[in-house]
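Notes for the structure review
So the chains spell out like this:
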Amino acid sequence: MPVNLESNHVQNQAQNQDPSRSNRWRIALIQCDIVLGQPEVNRAKLEAAMDRAARAAEKPDVILLPELWNTGYALTEIGRLADPEGQNSRAWLAAFARRHGIHVIGGSIAENRSGQVYNTMLVFNRSGEEVAAYSKIHLFRLMEEDKYLQPGERSVTFELDGLPAGAEICYDIRFPELTRSLALRGAKLLFVAAEWPLPRLNHWRTLLIARAIENQMYVIACNRTGKGGGDEFFGHSMIIDPWGEIVAEGGEAEEIVTGSIDLTLVDQVRRRIPVFDDRRPLAYD
Ligand SMILES: NC(=O)CCC(=O)C(=O)O
C-alpha cells in the first residue's frame, strides 16, 4: 500500500498515541546530567531514571543512555576511573535488560582495557545478552579525547528483534562515510550516544537529520545536559525518522524523551526514493 510520506510527521504523532501496535517500538532516551568523575553516583542516578522509564504506562522496547555516563570528561583521571574491562557496567546493564525485558543501548562508558582507556558503547538485548561493543572511532580533539583515550578500530552493526542497527558516539556523526557504511551493511536504525556541548546545537540537529535523510534510516540520539569540564551540554536528544521528520526532541533540562517508531517505515522510504539502488560509487573518485 503506498504511503503518503509527505504527511509522515502527522502520522508519527498519531502513532505515538498507540504504541502497542505491532511493528512499533517505543524508545526512551535518558537525557540527564553527569557528575564528573563519580561513576557510582552516576550509575545510581541512571538506574533510578531507567527504572522510571521501564515502569511507565507505555513500557519502552529500547532504552538509550548518553556518552561517558560513568565518568563524564574527567580525562585527567580517566585511567583510575574507567571501568576495568567494562565488567561493572556490563553486569549492571545486562541485569537491567534481562529484568525488564528491554533492549539497552548503554550509551558509552570509559572502559579500561588492558591499561588503555576506550570510549565504549555496550548493547544488550531483551534477554540480557551482549550483542555489541563499539569503541568510538573518531576521538574529539577539541575536548582532548585524543590525549587520553584510544580510538576504536572497527565499526559495529548488530540486531535487536531481528532488526539491523548501527552504533555511533557523538563526534562520529560528523563522518557521513561511517554512517553510510553502516547503512550499506544493512542498518535501518542508528543509535548515537553523546556529550555534545554548546555552542554547536545547530550542528548537532542538522547532522543528525542529514544522516537520517541521506541513509533513509531512523536516527536515535541521546545527549546529556548540565555542565562539566568547562563545557555546557544542551540535551536536545532526538528521534528522527527515515524521512527526516522529528518524532521526538528533548529540551535543555533533564528528562526522559520518549517516542514511538514504525519499524516498516525504513523500507517504505527506501522503496519510494531508491537511493541505495541509484548510488554510482565507481563514478565518485
Ligand atoms: N563528545 C564529542 O564527541 C563532542 C563532539 C562535538 O561536540 C562536535 O562538535 O563534534
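The structure presented is a predicted model; accordingly, all values stated were derived computationally and were not measured.

With that out of the way, let us pick up the UniProt feature "domain: CN hydrolase" (unreviewed entry) in the protein. Feature annotation in UniProt places "domain: CN hydrolase" (unreviewed entry) on residues 25-263, given in this structure's numbering. Taken end to end, residues 25-263 is 26% helix and 34% strand, and its two terminal C-alpha atoms sit 7 Å from one another.

Taken together, Glu67, Tyr73, Lys136, Phe140, Met143, Cys170, Tyr171, Arg174, Glu195, Trp196, Pro197 and Arg200 make up the full set of residues near the ligand. Glu67 is positioned such that a nitrogen or oxygen atom in its side chain is 3.1 Å from a nitrogen atom of the ligand. In the model, a nitrogen atom of the ligand is placed 2.9 Å from a nitrogen or oxygen of the Tyr73 side chain. When the free accessible area of the ligand is taken as 290 Å², the share hidden by the protein chains comes to 100%. The residue makeup of the shell around the ligand, split by class, is 7 nonpolar, no polar and 5 charged.

Further remarks concern the packing of aromatic side chains. Under the counting rule described, the total for this entry stands at 6 aromatic pairs. Relative to Trp92, the ring of Trp69 lies with its centre 5.3 Å away and its plane at 65 degrees, an arrangement referred to as edge-to-face. Of this pair, Trp69 sits in the loop between strand E2 (62-64) and helix H3 (78-81) while Trp92 sits in helix H4 (residues 87-100), and the two are 23 residues apart along the sequence. Each of the two residues, Trp69 as well as Trp92, counts as buried. Every member of this aromatic cluster is reached through a ring pair, and the members are Phe140, Tyr171 and Phe175. When the ring centre of Tyr118 is taken as reference, the NZ or CZ atom of Arg113 above it lies at 3.8 Å.

Here helix H6 (residues 176-184) crosses helix H7 (residues 201-215) at 40 degrees, and the two axes come no closer than 10 Å. Comparing the axis directions of H6 and H7 gives the class oblique. H6 and H7 meet at a crossing whose hand is right-handed. Two secondary-structure elements touch here, H6 through Pro176, Thr179, Arg180 and Ala183 and H7 through Arg211, Glu214 and Asn215. Residues that form the contact of H6 with H7 fall into these classes: 2 nonpolar, 2 polar and 3 charged.

This paragraph deals with the confidence of the model for the protein. For the protein, per-residue confidence averages 93 on the pLDDT scale, and residues scoring 70 or more make up 92% of the total. Model confidence for the protein, summarised as mean pLDDT per element, is weakest for helix H1 (residues 8-16) at 36 and strongest for strand E11 (residues 218-223) at 99. Note on residues 1-21: pLDDT under 50 across the span, and 35 contacts to partners over four residues away in sequence or across chains. Prediction confidence for the complex, expressed as pTM and ipTM, is 0.93 and 0.99 respectively.

A separate point is the pattern of salt bridges. Per the stated rule, a full pass over the model turns up 18 salt bridges. Asp61 serves as the salt-bridge partner of Arg126, at 3.1 Å between the closest nitrogen and oxygen. Residue Arg126 is found in the loop between strand E6 (116-124) and strand E7 (130-135), and its partner Asp61 is found in the loop between helix H2 (39-54) and E2; the two are separated by 65 residues along the sequence. The exposure class of Arg126 is partly exposed, given its relative accessible area of 26%. On the basis of relative accessibility, which here comes to 16%, the residue Asp61 falls in the buried class. Note that Glu111 and Arg90 form a salt bridge whose closest N and O atoms lie 3.2 Å from each other. One end of the pair, Glu111, is in strand E5 (residues 109-113); the other, Arg90, is in helix H4, with 21 residues separating them in the sequence. Residue class for Glu111 comes out buried when judged on its relative accessible area of 2%. A single salt-bridge network, built from bridges that share partners, covers Arg90, Glu111, Arg113 and Glu130.

What counts as what
- Residues numbered from 1 in each chain as written.
- Predicted model: local features only at pLDDT ≥ 70, side-chain atom pairs only at ≥ 80, totals over all residues.
- Heavy atoms only, no water.
- UniProt positions renumbered as here; feature names shortened; annotations may be inferred.
- Helix = DSSP H or I, 4+ residues; strand = E, 2+ residues; numbered from the N terminus.
- Near = heavy atom within 4 Å.
- Polar contact = N/O pair within 3.5 Å; in protein donor to acceptor, adjacent residues only side chain to side chain.
- Areas by Shrake-Rupley, 256 points an atom, 1.4 Å probe, with all protein chains shown as cover.
- Nonpolar A, V, L, I, M, F, W, Y, C, P; charged D, E, K, R; others polar.
- Phe/Tyr/Trp six-rings, centres within 6.5 Å; stacked < 30°, edge-to-face > 60°.
- Buried < 20%, exposed > 50% of the residue type's maximum accessible area, 1.4 Å probe, protein only.
- Lys NZ or Arg CZ within 6 Å of the ring centre and 35° of its normal.
- Axes fitted to C-alpha atoms, helices over the stretch in contact; angles between N-to-C directions.
- Parallel < 35°, antiparallel > 145°, perpendicular 65-115°, else oblique.
- Left-handed = near helix turned anticlockwise from the far one by under 90°.
- Contact = heavy atoms within 4.5 Å.
- pLDDT = per-residue confidence, 0-100.
- Salt bridge = Lys/Arg side-chain N within 4 Å of Asp/Glu carboxyl O.

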